[in-house]
Amino acid sequence: MKYFDVSGFAAPVRHPKKISAAGMGTTSFWSGSNAGLDRCIRTAVTEYGVTVLDTAEMYGGGRCETELGKTVGSLDRESLFIVDKILPSNVQKKVFRRRLEESLKRLKTDYIDLYLLHWRENADLQLMVDEMEAARTDGLISAWGVSNFDVNDMKDLLDCENGRNCFCNQIYYSVYERGTEFDLLPLLKQEHILPMAYSSLGSGFAAHPDIRREHRIMDACREAGIVPEAFMLKFVAEHGVQALFQTSSLQHLRDDLKEVPDRVYAEILPLFEEAFPAPQKAKPLVKM
Ligand SMILES: NC(=O)c1ccc[n+]([C@@H]2O[C@H](COP(=O)([O-])OP(=O)(O)OC[C@H]3O[C@@H](n4cnc5c(N)ncnc54)[C@H](OP(=O)(O)O)[C@@H]3O)[C@@H](O)[C@H]2O)c1
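Here we summarise the structure given alongside this text.

**Description of the pairing of strand β5 (residues 81–86)**
Okay, so step 1: A large share of β5 lies buried, amounting to six of its six residues.
Okay, so step 2: Burial along β5 is two-sided: the face carrying Phe81, Val83 and Lys85 and the face carrying Ile82, Asp84 and Ile86 are both buried.
Okay, so step 3: Where strand β4 (residues 52–54) and β5 come together, three bridges link them in parallel fashion. What sits directly across from Val52, in β5, is Phe81.
Okay, so step 4: Between the parallel elements β4 and β5, the chain passes through helix α3 (residues 63–72) in a crossover that is right-handed.
Okay, so step 5: Pairing geometry for β5 and strand β6 (residues 112–117), over four bridges, is parallel.

**Side note on the pattern of salt bridges**
Okay, so step 1: The tally for this structure, following the rule as stated, stands at 22 salt bridges.
Okay, so step 2: Across the pair Glu47 and Arg254 runs a salt bridge whose closest N-O atoms are separated by 2.9 Å. A residue pair is termed long-range when its members are at least 10 positions apart, and Glu47 in helix α2 (residues 34–48) and Arg254 in helix α10 (residues 250–256) qualify at 207 residues.
Okay, so step 3: A relative accessible area of 31% means that Arg254 is categorised as partly exposed.
Okay, so step 4: Across the salt bridge formed by Asp138 and Arg97, the nearest N and O atoms sit 2.9 Å from each other. Linking Asp138 in the loop between α5 (125–137) and β7 (141–147) with Arg97 in helix α4 (residues 95–107), this pair joins segments that are 41 residues apart in sequence.
Okay, so step 5: Exposure remark for Asp138: the relative accessible area of 49% places this residue in the partly exposed category.
Okay, so step 6: Salt bridges sharing common partners tie together Glu57, Arg99 and Glu102.

Criteria and thresholds
- Here the residue index of a chain counts from 1 through its sequence in written order.
- Per-residue local features are limited, in this predicted model, to residues with pLDDT of at least 70; the limit for side-chain atom pairs, both in listing and counting, is 80 or more; totals at the level of whole chains, interfaces and linings are taken over all residues.
- Hydrogens and waters are ignored; side-chain quantities use all the structure's heavy atoms.
- Residue burial is assigned from relative accessible area. The probe radius is 1.4 Å, only protein chains are included, and a residue is buried under 20% of its type maximum, exposed over 50%, and partly exposed in between.
- Where helices and strands are cited, they refer to DSSP runs of H or I of at least four residues and of E of at least two residues respectively, numbered from the N terminus.
- One bridge is not enough; two strands pair if DSSP finds at least two bridges between them.
- Assignment of crossover handedness uses the view with strands pointing away from the viewer, where a clockwise path from the first strand over the helix to the second indicates a right-handed crossover.
- Definition used for salt bridges: Asp or Glu carboxyl oxygen within 4 Å of a side-chain nitrogen of Lys or Arg.

Remember, this is a structural readout, not a statement about activity or role.
Right, dumping it as structure tokens:
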């Protein structure tokens, strides 16, 4: 497993100096494949060194946090980097702290490593920053950030008092959707804010092509003994972006986390570049 050194990012976190380049999401706890996802997360952590686990109060109205809390109960909490998200409608005085405490209870933990504003909507950004900073001071969270923030949203955030303490922006980025390479990723890099990609395998987006119909890519992957999903996770990490993905299948997990040697990556990259080229101009952030 590759790791990102996060000690130099905007707001150094309390515990880890590094986090796994691939992390796992939890939305399937909502749609019902609990046993499969539970097993995959535990295997990913104990056998593959995954440390980043992502959830949100919105997922299943708290159900995914509850299920993740059960899963991590048998794991070494200190080695994990738990990411959780608050809804913009809960960015209100008193409500924010109450919702955070409810999430902590469901997760059965006394701190969240990274707490994100799920999307901007009409949340009061200064109030959000103030609440995040207060929660960090009180030790309830180690770091805070945002999600689904495009360039202009980031600029507004950076203009807030303490806005530069933002640690992360979680966005949609995958080999299928590279618009952020043009402007948002360079801005985040310049501001030392960690980009984290959700849906790194492109799932959930109707427009994403069926990779299994890309015969040259599939042939090259088969020859190299990897699945395209393993390439996709490495592609995201190679662009300096922490990659979240999800599977409830142990076989898929083992395939997805199989190491892709640099030589194999370099050989297959031109095929992906041809099929899914980098953007030539700015494009609005695609959001789920
Ligand atoms: N911040 C936000 O707004 C936001 C939005 C969306 C998601 N997220 C987070 O990001 C996490 C990951 O995103 P995601 O779940 O949307 O999508 P994803 O990781 O792009 O795709 C997950 C899908 O890929 C399939 N898959 C995985 N490996 C495979 C393989 N080797 N072969 C074939 N299929 C494979 C899985 O099915 P199987 O289970 O059958 O393998 C699953 O249906 C979420 O769980 C959530 O925590 C955040």
